[in-house]
Amino acid sequence: MDAGQDDKSGKFDSAEMGMLAHIYRAEVYRSTIWRTRLDQTTNWAVVTTGLALSLTFAGPGASPLPLILVGLLVAVFLMFEARRYRYFNVWRARCRLLETDVCGPLLRGEGVRRDGSWNRLLANDYQHPDFHISYLRAIGRRIRKNYGYILAVQAVAYYGKLAIHPISVPNWDVFLIRAAVGPIPGLVVVLAGLVFHGTWVVIAILTARQDRLAWQVRTSAAVG
């Protein structure tokens, strides 16, 4: 057999396997760095929500306005984190591809061949880098993983503040009076809050369906 043909269709040699090991280490490092950045924005959202809760329930006359403002701030953090998640997803997907199609076969004693689909996928991802998921899907994933819980606490705390603190409201009219913010009627504020949180729920549900469809159409080897 011709040596060139054997080199083209055979397994990776030791030098090439060493290069793959360095690639894997680099992708793990990248994914770890971006994972830390994701945790930072989540921590900001948790801390600011806790601060708003403390201010809102500090006394009988405390305003519920901090909870409204922190809801908007958490949404900003969610936007930041979704952007960061798109980068993290690139490095994580590359690591996972190397684990399933390089490390797995090596541990099973099968060796790693250069004529598989995984190496073409990885090569194309290096030559033509791009995000693997849309910005909206990234938002949906972060809502389902973290921000859904944070926003739920904010919503329950806000409407709970209006309903029972410092005393329970006797009727709906008093509830709306408490909800008013300056010249903005309470009904408008309450409806805006329902639309605000309802939007995140809809995004989480729709993107979850998109993720399920994406997993169903995946090939055995895929990036992202």
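No experiment lies behind these values; they were computed from the predicted model shown.

### Structural notes on the overall build of the chain
Along the backbone of the chain there are 7 helices and 0 strands. Listing the helices and strands of the chain from first to last along the sequence gives α-α-α-α-α-α-α. Computed over the C-alpha atoms, the radius of gyration of the chain is 25 Å, more than 25% above the 17 Å expected from 2.2 N^0.38 for a compact globule of 224 residues. With the principal axes as the frame, the chain shows a C-alpha extent of 90 × 30 × 30 Å.

### Quick word on the confidence of the model for the chain
Predicted confidence across the chain gives a mean pLDDT of 89, with 92% of residues reaching 70 or more. Element-level mean pLDDT values for the chain span from 47 in helix α1 (residues 3–9) up to 96 in helix α5 (residues 135–164). Ignoring residues within four places in sequence, the model shows residues 1–6, a span with pLDDT below 50, making 1 contact including any to other chains.

### Concerning helix α6 (residues 172–179)
Among all positions of α6, only Phe-175, Leu-176 and Ala-179 are buried. Considered in projection along α6, the buried side chains sweep an arc of 95° and stay on one side of the axis. Among the exposed residues of α6, those oriented more than 90 degrees off its buried face are Asp-173 and Ile-177. Buried residues along α6 sit in contact with α5 and α7 (186–216).

### Considering the environment of Ile-143
Along the chain, Ile-143 falls in helix α5. Sequence separation between Ile-143 and Asp-13 is 130 residues; the distance between their C-alpha atoms is 44 Å. In contact with Ile-143, not counting residues within four places along its chain, are Leu-78, Gly-148, Trp-200, Ile-203 and Ala-204.

### Quick word on the packing of helix α3 (residues 65–107) against α7
Packing of α3 against α7 leaves a shortest axis separation of 12 Å and a crossing angle of 20°. Here α7 runs roughly parallel to α3, going by the angle between their axes. By crossing handedness, the relation of α3 to α7 is classed as left-handed. Taking contact as the criterion, the partners of Ile-68, Gly-71, Leu-72, Ala-75, Leu-78 and Met-79 in α3 are, on α7, Val-189, Phe-196 and Trp-200.

Procedures and definitions
- Residues numbered from 1 in each chain as written.
- Predicted model: local features only at pLDDT ≥ 70, side-chain atom pairs only at ≥ 80, totals over all residues.
- Heavy atoms only, no water.
- Helix = DSSP H or I, 4+ residues; strand = E, 2+ residues; numbered from the N terminus.
- Rg over C-alpha atoms; globule rule 2.2 N^0.38 Å.
- pLDDT = per-residue confidence, 0-100.
- Contact = heavy atoms within 4.5 Å.
- Buried < 20%, exposed > 50% of the residue type's maximum accessible area, 1.4 Å probe, protein only.
- Arc of directions from axis to C-beta.
- Axes fitted to C-alpha atoms, helices over the stretch in contact; angles between N-to-C directions.
- Parallel < 35°, antiparallel > 145°, perpendicular 65-115°, else oblique.
- Left-handed = near helix turned anticlockwise from the far one by under 90°.

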